[in-house]
Amino acid sequence: MMVSLLLCTPLLFALFCALAPSNRWIGRLSLLGLGLVLIQVLDLSYGVIQNGPLDAGMWYIDDISVIFLLLMAVISFLVGIYALSYIGHELHEGVLTPRDSRFYHVFIQLFLFTMLLVLVVDSLGLMWIAIESTTLASAFLVGFYKKEESLEAAWKYIMICSVGIALALMGVTLMYASSLDVFGDSSRALDWSVLKGVAATLDPTLLKLSFIFIIAGYGTKAGLAPMHTWLPDAHSQAPSPVSAMMSALLLNCAMYGIIRFHVITEAAVPGFSSSLLLGFGLVSVAVAALFISITTDLKRMLAYSSIEHMGIVAIALGIGGTWGTVGAVIHIAAHSLTKSMLFLSAGDIVQKYGTRDIASITGVLKSIPWSGRFFTAGCLGIVGLPPFPIFLGEAIIVYAALQSGDFLVAALFLVLLLMVFVAFTYRFVPMLGGDSGLEPSPSPLSRLLPMGILLIMGLALGLVLPGPVLEFLQDVAAQIGGVL
Amino acid sequence: MTEIMMNSLNILAVGILLASLMAMTTPRMGQLIRIFTLQSLMLAGMAALVGYQTGSEHLYIIASIIVLLKVFIIPRFLNYSIERIKVKRELEPLLGIPGSLLLSAAIVVLAYFVTEPVISLTEVITRNCLAISLAVTLIGLLLMITRRKAMTEVIGLLMMENGLFLAVISTSHGMPLIVEMGIFFDVLVAVIIMGMFAFRINETFETSDTSILKRLRY
Amino acid sequence: MDYSLFIISTLQFLALLVSAPAVVGLIRLLKARAQGRRGASLLQPYRDLRKLWRKDEQVSEDASWLFRVAPLISAASVILTTSMLPVLHVTVLGPGSDMILAIYILMLSRAMLVLSSLEGGSVFGGMGGSRDSMISVLIEPALLLSIFSLAALAGSTELSSTAQFISQGGYLIIGPTLILAAASFCITTLAENARLPFDNPATHLELTMVHEAMVLEYSGRSLALMEYSSWLKLTVFITILVNGFLPWGISSALDPLSLALASLAFIFKLILALGLIALLESQMAKMRLFRLPNLLTTSFTLALLALMAFYIL
């Protein structure tokens, strides 16, 4: 019941936004919806953490989903605050019409609905439907600006992701076929809550085949190389708040799908899915390092960095064990917090300079002082410097690799990280200093507040990592790794 | 009886595969849509037959939805789209017809090879259907890769989905009904959205050739 | 007993030989009807042959003895193949009914045709010859693969045994292998016999023609032989198609009833096949030469899949 209510909220608000008589209040209406979602998610999560998994009919929420849900609710709410001023600015500049703004808010609500659906459904089949719907709901947001480039990005996005998702359906089907062997004709044979219990008895050949399709399919959506090609296009062409949501939340949803299947496959065929994840992860980080060093577009650079971090998460899952899993979870959270902050501040920069070209952006710290500072902090965080949370995640992953004796993986991982570090630093440092000749302008509070909160949360995760959180994470790791 | 049933299922499955191969050989849009319609019809027949064999009623529902959606609504929408975009045929596929056919044959071999070790399924279906569904899916992907027109890519995706449905029907006699419904809904919405984007591409670039979409790189 | 087998196999051999012009006449007639014309009589090809037989023969000065011999060898090889076909009864007059042997004996006829096309020294002949060789190179793998899949299915390369095996195999034998192989063989039949969409059999003076270009230099009795052997070859291929891939009705007993049924079934299948060809030819245009590989690759792929389906199912 609570879950249905949670899912209905964004749907209802999409309807409200579509039907609202006046354009003036739509932004705030939309934000109200995001706020309500946040409150409900907090409530739900509290319940789940206290009382264990919530298993109600179609819905199933356990600790793993709680982490993703919390990230989703918090970040989408903060991005919602930011979007008020961002979209307002575009309206003011005449880039958008009031109709576009209404369109934006309607689709943001739908987008959020589909992403929430991914996290709360029990059946892996329904999860597939939800993941496909995220593509459909966000395609219009990618093509939002109706320019040639954004049209191209949207087309690539919807085609490549649909193909990927179609392949994933094959994986789901094969998984279902294998579980039918155990359950007979049962309507619950695709439910995760049931499947994880019997994972070890499923047919290994079918599961192997299934996971290959799943990693090719959901991996496309998660931006793992070499299926990543839609990602930089879509992230760079979408409006910055949407980029932030896609990078910080949408990729997580796909990763969540992979994790669900990974757990089952790993239980039946130890070592198969983890080595695949490891391979795709390493390739993704390497590809991202290469492209970060040659791209000329600020938002594309951030997008490639998202590929890198999804690769790191895949590597962490591939290493496995308790610490590998803790590392993966921390890294997912750290990346979401840091990357959304980066995309928001980059949105400010792009609006201020009117270009995404890295070479023509200089003196960020002078022309937009506060957003510039957040941008700097974000860049330092994303390359993995302490005390930011990504450092923590990466350190735990290296520790996990060393502990499990994968010295080669640890060494490769460190070398790749170093490459990314050099490439990224080389690109962002020149943007900070110098003088752009632009009049310094203060950023409105509605933009700084979300970035500030994201930064504080990130630092809290990186610096303090409060005891209960770590305990909770180990608990989660036991759930993912426990079956391993 | 079951032997005969198995045989007719095999024939239908091969028919579906043949439709995919035929799609690789034609550059004409109208023909492509007709082939897709035929393939969907065979798929519906297969669903009904499996439903008859196993006595699960929800496969009949699935069969009728396939007929409604993939034999009537979607082909009509596609025809409307090609009329509006004014695209009759694929001018230069990236790979010639003999090449793509041979590649498709290789895909079929690969599909059989990959599904070869799957033994546990022999009771539920013939492995043949699984291999063919895999092949149809991958050939759909090949169609998307080797063609340039936006609408051909959409049809390729739809053929991929037919392959997936073949897998769903043959390996597991259909997923739970709610999942199937959701999948159908997604397919319909996806096709409509893609159609809308194809219109927009046509308006903006004055061609529906997607190979001009090369602005974004690095 | 042996005696009656000999009689029946001789009779079916002779019947094929005699009916070859009628087969072509029937295609022309059906085609004319499909296109709304009245068309010439079934007997027209016989009259053509008689006319050509009476005419004088012109031989180019540059032509060698090969030019004279080629029609004879070509006709002989096709007639030899004809003797290897079971039509009504599964016994044959000729040296067994091995299809691989039959196919390669037919290749001899084709080789003669290509060689003689160069003899006249005209440009048309050479062009036709080179095109024909190209098509033949592309046909061969598809043709053999479809024969192989039939052989694999029935466990023999002898047409007599496969016909017997398949016609007695019941409903279950109709599976992917047979269907795919038959589809592939249909395409190769059209290509091998220079029918549309590979070549236009109704034209005499076009740059695109293939078969007619090769026999352009012939006249009189040689032309009659050439024409006759090409008609007979079409009959041979259709017989292989209907008796190899859809052999239902063929008789393995000798009683009059089953023979009568067999002849009815054969005539029905033959007319059906001819009707399909006629329909196809009035619907279709000739393909551009450079698009022919597309269709032949299709045929090859079908045959390959047929063979594969046999081993995997």
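Keep in mind it's a predicted model, so treat the numbers as computed, not measured.

1. Examining the overall build of chain B
Here comes step 1: Within chain B, the secondary structure is distributed over seven helices and zero strands.
Here comes step 2: Listed N to C, the secondary structure of chain B is α-α-α-α-α-α-α in terms of helices and strands.
Here comes step 3: Expected size for 218 residues packed as a compact globule is a radius of gyration near 17 Å; at 18 Å, chain B falls within 12% of this value.
Here comes step 4: Principal axes of the C-alpha set define a box for chain B whose edges measure 55 × 35 × 35 Å.
Here comes step 5: Looking at the 218 residues of chain B, the share that counts as buried comes to 61%.
Here comes step 6: Pairs at least 24 residues apart make up 77% of the contacts formed inside chain B by residues separated by at least 6 positions.
Here comes step 7: A total accessible area of about 8400 Å² is found for chain B, and carbon and sulfur atoms account for 65% of it.
Here comes step 8: The average position of the 16 basic charges and that of the 14 acidic charges among the side chains of chain B differ by 12 Å.

2. Some thoughts on the arrangement of the chains
Here comes step 1: For the two pairs of chains in contact, the maximum contact count is reached by chains A and B.
Here comes step 2: At their nearest point, the C-alpha atoms of chain A and chain C are still 18 Å apart, with no contact between the two.

3. Describing the packing of aromatic side chains
Here comes step 1: Following the criterion strictly, the structure yields 21 aromatic pairs over all chains and no others.
Here comes step 2: For the ring pair Phe-103 of chain A and Phe-140 of chain A, a centre distance of 6.0 Å and an interplane angle of 85° mean the geometry is edge-to-face. Note that Phe-103 of chain A is positioned in helix H4 (residues 98–120) and Phe-140 of chain A in helix H5 (residues 124–142), a separation of 37 residues in sequence.
Here comes step 3: Given the relative accessible area of 30%, Phe-103 of chain A is considered partly exposed.
Here comes step 4: What links up through ring pairs into an aromatic cluster is the set Phe-103, Tyr-104, Phe-107, Phe-140, Phe-144 and Tyr-145 of chain A together with Phe-197 of chain B.
Here comes step 5: The ring of Tyr-82 of chain A carries Arg-447 of chain A above its face, with NZ or CZ at 5.4 Å from the centroid.
Here comes step 6: A cation over a ring is seen here: Arg-84 of chain B above Phe-199 of chain B, with NZ or CZ 3.9 Å from the ring centre.

4. Section: the interface of chain C and chain B
Here comes step 1: Contacts between the two partners involve 19 residues from chain C, matched on the other side by 21 residues from chain B.
Here comes step 2: Taken together, both faces of the contact between chain C and chain B bury some 1800 Å²; the carbon and sulfur share is 79%.
Here comes step 3: Summed over the shared surface of chain C and chain B, the number is zero salt bridges.
Here comes step 4: Linking chain C with chain B are zero residue pairs in polar contact (both at pLDDT 80 or more).
Here comes step 5: Among the elements of the structure, helix H7 (176–192) and helix H11 (292–312) of chain C are those that each provide at least two residues to the side of chain C that touches chain B.
Here comes step 6: It is H11 of chain C that contributes the most residues to the side of chain C that touches chain B, eleven residues altogether.
Here comes step 7: Split by residue class, the side of chain C that touches chain B holds 14 nonpolar, five polar and no charged.

5. Topic: the nonpolar core
All names here are of chain A.
Here comes step 1: With 352 residues, the main nonpolar core has Trp-155, Tyr-218 and Leu-298 as its most contacted residues.
Here comes step 2: Of all the elements, helix H6 (residues 148–183) adds the most residues to this core, at 21 residues.
Here comes step 3: One finds Ala-14, Ala-20, Ile-26 and Val-106 within the second-largest nonpolar core, a separate group that totals five residues.

6. A short note on the side chain of Ser-156 of chain C
Residue and element names in this part refer to chain C.
Here comes step 1: For Ser-156, the location among the structural elements is in the loop between helix H5 (123–154) and helix H6 (159–167).
Here comes step 2: A polar contact is formed between the side chain of Ser-156 and the backbone nitrogen of Glu-158, at a distance of 2.9 Å.
Here comes step 3: With residues near it in sequence (within four places) discarded, Ser-156 still touches Ala-151, Ser-161 and Thr-162.

7. Focus: the packing of H4 of chain A against H5 of chain A
Residues and elements named next belong to chain A.
Here comes step 1: Following both chains from N to C, one finds H4 and H5 inclined at 165°, their axes separated by 8 Å at the closest point. Here H4 lies roughly antiparallel to H5, going by the angle between them. Handedness of the H4/H5 crossing: left-handed. Residue-level contacts link Phe-103, Tyr-104, Phe-107, Ile-108, Leu-110, Phe-111, Thr-114, Met-115, Leu-117 and Val-118 of H4 to Met-127, Ala-130, Ile-131, Ser-133, Thr-134, Ala-137, Ser-138, Phe-140 and Leu-141 of H5.
Here comes step 2: Residues belonging to the contact of H4 with H5 are distributed by class as follows: 15 nonpolar, four polar and no charged.

8. As for the packing of helix H3 (residues 65–82) of chain C against helix H9 (residues 220–245) of chain C
When two helices pack together, their arrangement is given by the angle between the helix axes and the distance between those axes.
Residues and elements named next belong to chain C.
Here comes step 1: Where H3 meets H9, the closest approach of the two axes is 9 Å, and the angle between their N-to-C directions is 25°. Between H3 and H9, the angle falls in the class roughly parallel. Classified by chirality, the crossing of H9 by H3 is left-handed. Facing H3, whose interface residues are Ala-70, Pro-71, Leu-72, Ser-74, Ala-75, Val-78, Ile-79, Thr-81 and Thr-82, H9 presents Ser-222, Leu-225, Met-226, Ser-229, Leu-232, Lys-233 and Val-236.

9. Observations concerning the side chain of His-335 of chain A
Residues and elements named next belong to chain A.
Here comes step 1: Turning to its location among the elements, His-335 is positioned in helix H13 (residues 321–353).
Here comes step 2: On the basis of relative accessibility, which here comes to 1%, the residue His-335 falls in the buried class.
Here comes step 3: If we skip the residues at most four places from it in the chain, His-335 touches Ser-247, Ser-306, His-309, Met-310, Ser-340, Ile-382 and Ile-390.

10. Remarks on the interface of chain B and chain A
Here comes step 1: If you look at the interface, chain B gives 49 residues, while chain A gives 50 residues.
Here comes step 2: Across the chain B to chain A interface the summed buried area is about 4400 Å²; carbon plus sulfur atoms make up 78%.
Here comes step 3: Our count for the contact surface shared by chain B and chain A stands at zero salt bridges.
Here comes step 4: Summed over the shared surface of chain B and chain A, the number is two residue pairs in polar contact (both at pLDDT 80 or more).
Here comes step 5: Of all the secondary structure elements, the ones that give two or more residues to the side of chain B that touches chain A are helix H4 (97–115), helix H5 (127–146), helix H6 (150–172) and helix H7 (177–205) of chain B.
Here comes step 6: For the side of chain B that touches chain A, the element with the most residues is H7 of chain B, which contributes 16 residues.
Here comes step 7: Here the side of chain B that touches chain A is built from residues that sort into 33 nonpolar, ten polar and six charged.

11. Some remarks on H5 of chain A
Residue and element names in this part refer to chain A.
Here comes step 1: Over its 19 residues, H5 runs 27 Å from end to end, which matches the ideal 27 Å to within 8%, given 1.5 Å per residue.
Here comes step 2: Within H5, 19 of the 19 residues are buried, which leaves it mostly tucked inside the rest of the structure.
Here comes step 3: Near the N-terminus of H5, the side chain that reaches the backbone nitrogen of Gly-125, with its oxygen 3.1 Å away, is that of Ser-123.

12. Focus on the environment of Ile-61 of chain A
All names here are of chain A.
Here comes step 1: Residue position: Ile-61 is located in strand E2 (residues 59–61).
Here comes step 2: Taking the C-alpha atoms as reference points, Ile-61 and Val-3, 58 residues apart in sequence, are found 9.1 Å from one another.
Here comes step 3: Apart from residues no more than four positions distant in its own chain, Ile-61 is found in contact with Val-3, Leu-44, Val-48, Pro-53, Leu-54, Val-66, Leu-69 and Val-120.

13. A closer look at helix H9 (residues 230–237) of chain A
Residue and element names in this part refer to chain A.
Here comes step 1: By the criterion of burial, H9 is predominantly enclosed, with eight of the eight residues buried.
Here comes step 2: Where H9 is concerned, the buried positions are Trp-230, Leu-231, Pro-232, Asp-233, Ala-234, His-235, Ser-236 and Gln-237.
Here comes step 3: Those residues of H9 that are buried are in contact with H5, H6, helix H8 (204–222), helix H10 (240–268), helix H12 (298–319) and H13.

14. What about the confidence of the model for chain B?
Residue and element names in this part refer to chain B.
Here comes step 1: On average, chain B scores 84 in pLDDT, and the residues at 70 or more come to 93%.
Here comes step 2: The secondary-structure element of chain B with the lowest mean pLDDT is helix H1 (residues 2–25), recorded at 84, while helix H2 (residues 29–54) shows the highest, at 91.
Here comes step 3: At the level of chain-chain contacts, confidence expressed as ipTM amounts to 0.90, with global pTM at 0.85.

15. Re the pattern of salt bridges
Here comes step 1: This model, assessed by the stated rule, comprises twelve salt bridges over all chains.
Here comes step 2: Arg-447 of chain A is paired through a salt bridge with Asp-348 of chain A; the nearest N and O atoms lie 2.4 Å apart. With Arg-447 of chain A in helix H18 (residues 445–464) and Asp-348 of chain A in helix H13, this pair connects stretches of sequence that are 99 residues apart.
Here comes step 3: For Arg-447 of chain A, a relative accessible area of 6% puts it in the buried group.
Here comes step 4: Lys-233 of chain C is the salt-bridge partner of Glu-192 of chain C, the closest N and O atoms lying 3.4 Å from each other. In this pair, Glu-192 of chain C is assigned in helix H7 and Lys-233 of chain C in helix H9, connecting sequence segments 41 residues apart. When sorted by exposure, Glu-192 of chain C lands in the same class as Lys-233 of chain C, which is buried.
Here comes step 5: A network of salt bridges, in which partner residues are shared, links Glu-152, Lys-156, Asp-233 and Arg-300 of chain A.

16. Observations concerning a nonpolar patch on the surface
Here comes step 1: A cluster of nonpolar side chains, contributed by Tyr-3, Phe-6, Ile-7, Leu-11 and Leu-93 of chain C, occupies part of the molecular surface with about 520 Å² of accessible area.
Here comes step 2: With a relative accessible area of 52%, Leu-11 of chain C lands in the exposed category.

17. Describing the environment of Leu-385 of chain A
Here comes step 1: Inspection of the secondary structure assignment puts Leu-385 of chain A in the loop between helix H15 (369–382) and helix H16 (389–403).
Here comes step 2: Through-space distance from the C-alpha of Leu-385 of chain A to that of Ile-258 of chain A is 28 Å; in sequence the pair is 127 residues apart.

18. Comments concerning the confidence of the model for chain A
Here comes step 1: The pLDDT averaged across chain A works out to 90; a share of 98% of its residues lies at or above 70.
Here comes step 2: The least confident element of chain A is helix H19 (residues 467–482) of chain A, whose mean pLDDT is 75; the most confident is H12 of chain A, at 94.

Parameters and conventions
- Residues numbered from 1 in each chain as written.
- Chains lettered and ligands numbered in written order.
- Predicted model: local features only at pLDDT ≥ 70, side-chain atom pairs only at ≥ 80, totals over all residues.
- Heavy atoms only, no water.
- Helix = DSSP H or I, 4+ residues; strand = E, 2+ residues; numbered from the N terminus.
- Rg over C-alpha atoms; globule rule 2.2 N^0.38 Å.
- Buried < 20%, exposed > 50% of the residue type's maximum accessible area, 1.4 Å probe, protein only.
- Contact = heavy atoms within 4.5 Å.
- Areas by Shrake-Rupley, 256 points an atom, 1.4 Å probe, with all protein chains shown as cover.
- Lys, Arg positive; Asp, Glu negative; His and termini not counted.
- Charge placed at Lys NZ, Arg CZ, Asp CG, Glu CD.
- Phe/Tyr/Trp six-rings, centres within 6.5 Å; stacked < 30°, edge-to-face > 60°.
- Lys NZ or Arg CZ within 6 Å of the ring centre and 35° of its normal.
- Buried area = accessible area lost by both parts, 1.4 Å probe.
- Salt bridge = Lys/Arg side-chain N within 4 Å of Asp/Glu carboxyl O.
- Polar contact = N/O pair within 3.5 Å; in protein donor to acceptor, adjacent residues only side chain to side chain.
- Nonpolar A, V, L, I, M, F, W, Y, C, P; charged D, E, K, R; others polar.
- Core = buried A, V, L, I, M, F, W, Y, C linked by side-chain atoms within 4.5 Å.
- Axes fitted to C-alpha atoms, helices over the stretch in contact; angles between N-to-C directions.
- Parallel < 35°, antiparallel > 145°, perpendicular 65-115°, else oblique.
- Left-handed = near helix turned anticlockwise from the far one by under 90°.
- Expected span 1.5 Å × (residues − 1).
- pLDDT = per-residue confidence, 0-100.
- Patch = residues over 30% accessible without salt bridge, like charges linked within 9 Å, V, L, I, M, F, W, Y side chains within 5 Å.

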